[in-house]
Amino acid sequence: MRGPGTAHAARSLAWTASGRAIVDGVTFAVPPGRFTALIGPNGSGKSTVLRLLAGLRRPSSGHALLDGSDVTALKRRDVARRLAFVAQETVSDLDTTVSEVVMLGRAPHRGRSATTEEDIRAVGQAMAAMGVTALADRSWASLSGGERQRVNIARALAQQTPALLLDEPTNHLDISHRLDLMEMLSRTAATVVAALHELDLAARYCDHLVLLHAGRVVAAGPPITVLTPRLLEQVYQVRATVNQSPDGRPDVYLAPLPRTPSSCASNDTSRS
Ligand SMILES: Nc1ncnc2c1ncn2[C@@H]1O[C@H](COP(=O)(O)OP(=O)(O)OP(=O)(O)O)[C@@H](O)[C@H]1O
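Predicted, not measured: the structure shown is a model, and the values here were computed from it. (Residues numbered from 1 in each chain as written. Predicted model: local features only at pLDDT ≥ 70, side-chain atom pairs only at ≥ 80, totals over all residues.)

K.L.:
Give me the lowdown on the environment of L66, citing residues and values where you can.
P.N.:
Within the secondary structure layout, L66 lies in strand β4 (residues 61-66). Exposure remark for L66: the 24 C-beta atoms within 10 Å place this residue in the buried category. Separated by 145 residues in sequence, L66 and L211 have C-alpha atoms that sit 21 Å apart. Apart from the residues within four sequence positions on either side, L66 is in contact with T6, H8, V71, L74, V79, R82 and L83. (Helix = DSSP H or I, 4+ residues; strand = E, 2+ residues; numbered from the N terminus. Buried ≥ 20, exposed ≤ 12 C-beta atoms within 10 Å, placed from the backbone. Contact = placed C-beta atoms within 7 Å.)

Take a look at the structure:
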């Protein structure tokens, strides 16, 4: 185990919207101090489960546990001292500088009191970790998508929580920043839970995967047990070749399923 990260768990979690079960009977445990990815196709419920774990959504039934307590029963400030959440979308027209955005991560620690040396140190370290120090005085509105993503993650790091919950943190990042981020998340002592689309990165960097499909858990465990050709075909409708690398991690190669004559006919609109 890497460090003193928090323990999170979903117990029979359900969330319903407009009469539709979006998350349905989801149960899994997040190993403390490890890097867990929620994977699954678009609309499978990854963001919803992440928000339920963060206490940002109230389950229709079941429980999201943070160190054994129902997260919705805890005070927001207590939760914000224990977990930082990075959302998928960012507000685009904030009239504020990058260093002010990162300083927002200190709010759970300082409340309304004046900025301390510790706040300044935490903000500086977080900006350095995400390579955004040179952007400190830039206006948020002027940043590119990838720069905003890195600043948002810096804000979460400045919160100095024992857990990081991130919704598609690699969004907008170029390949080198993606790898740097995954490396950092795999090394931190904090518990990390991230919704991810890149199965190759999940295979290489994560300790634990939870595969979701239509709001339910299809499989959970170490990457080698979850990223199997059978499960990937069943959930993503792709053909997967999986080899085990010397370090025991899966090497995943994905290709489209061969098209059957009937699927070709139904997709071909040029003759109609
Ligand atoms: N407030 C809402 N009202 C109605 N439907 C919703 C609501 N929020 C989410 N959904 C639906 O719930 C399903 C799961 O959404 P969610 O964002 O959790 O999926 P996801 O796995 O994170 O998807 P993606 O990979 O596309 O980001 C989707 O079909 C979405 O349209």
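K.L.:
Quick one: what's the story with the sheet that holds strand β2 (residues 20-30), residue by residue and with numbers?
P.N.:
The 4 strands are arranged β2-β1-β4-β5 in an open sheet whose pairing can be described as antiparallel. Only two strands of the sheet have a single partner each, and these edge strands are β2 and β5 (69-70). Sheet analysis places strand β1 (residues 8-17) next to β4, joined by 5 bridges and oriented antiparallel. By the bridge assignment for β4, H8 is matched with L66. Those strands touched by helix α1 (residues 46-53) are β1, β2 and β4, and its axis lies near 120° from that of β1. (Pairing = 2+ DSSP bridges. Axes fitted to C-alpha atoms, helices over the stretch in contact; angles between N-to-C directions.)

K.L.:
Please provide a residue-by-residue account of the site of the ligand, values included.
P.N.:
Near the ligand, the surroundings consist of A17, S18, I22, G40, N42, G43, S44, G45, K46, S47, T48 and A195. The dominant element in the shell around the ligand, judged by the number of residues it contributes, is α1, at 3 residues. Taken together, the residues of the shell around the ligand break down into 3 nonpolar, 8 polar and 1 charged. (Near = placed C-beta within 6 Å. Nonpolar A, V, L, I, M, F, W, Y, C, P; charged D, E, K, R; others polar.)

K.L.:
Could you give an account of the environment of Q149, with specific residues and numbers?
P.N.:
In this fold, Q149 is placed in helix α6 (residues 145-158). For Q149, a count of 24 C-beta atoms within 10 Å corresponds to the buried category. Separated by 55 residues in sequence, Q149 and L94 have C-alpha atoms that sit 14 Å apart.

K.L.:
Let's hear about the nonpolar core: which residues, and what values?
P.N.:
Counting 72 residues, the largest nonpolar core has V49, V102, A154 and L165 as its most contacted members. The leading source of residues in this core is α6, at 6 residues. When near neighbours in sequence (up to four residues on either side) are disregarded, V49 contacts A10, L13, V23, V26, L38 and L212. (Core = buried A, V, L, I, M, F, W, Y, C linked by C-beta atoms within 7 Å.)

K.L.:
I'd love a proper account of the sheet that holds strand β9 (residues 208-213), names of residues and values included.
P.N.:
What holds strands together in a sheet is hydrogen bonding between their backbones, with the strands either parallel or antiparallel. In space, the 6 strands of this open sheet follow the order β6-β7-β8-β3-β9-β10, with mixed pairing throughout. Unpaired on one side and paired on the other, β6 (84-86) and β10 (216-221) mark the two borders of the sheet. Averaged over all adjacent pairs, the angle separating strand axes in this sheet is 15°, with direction ignored. Inspection of the sheet shows strand β3 (residues 35-39) paired to strand β8 (residues 191-195) by 4 bridges, in the parallel sense. Within β8, the position partnered with F35 by the bridge is V192.

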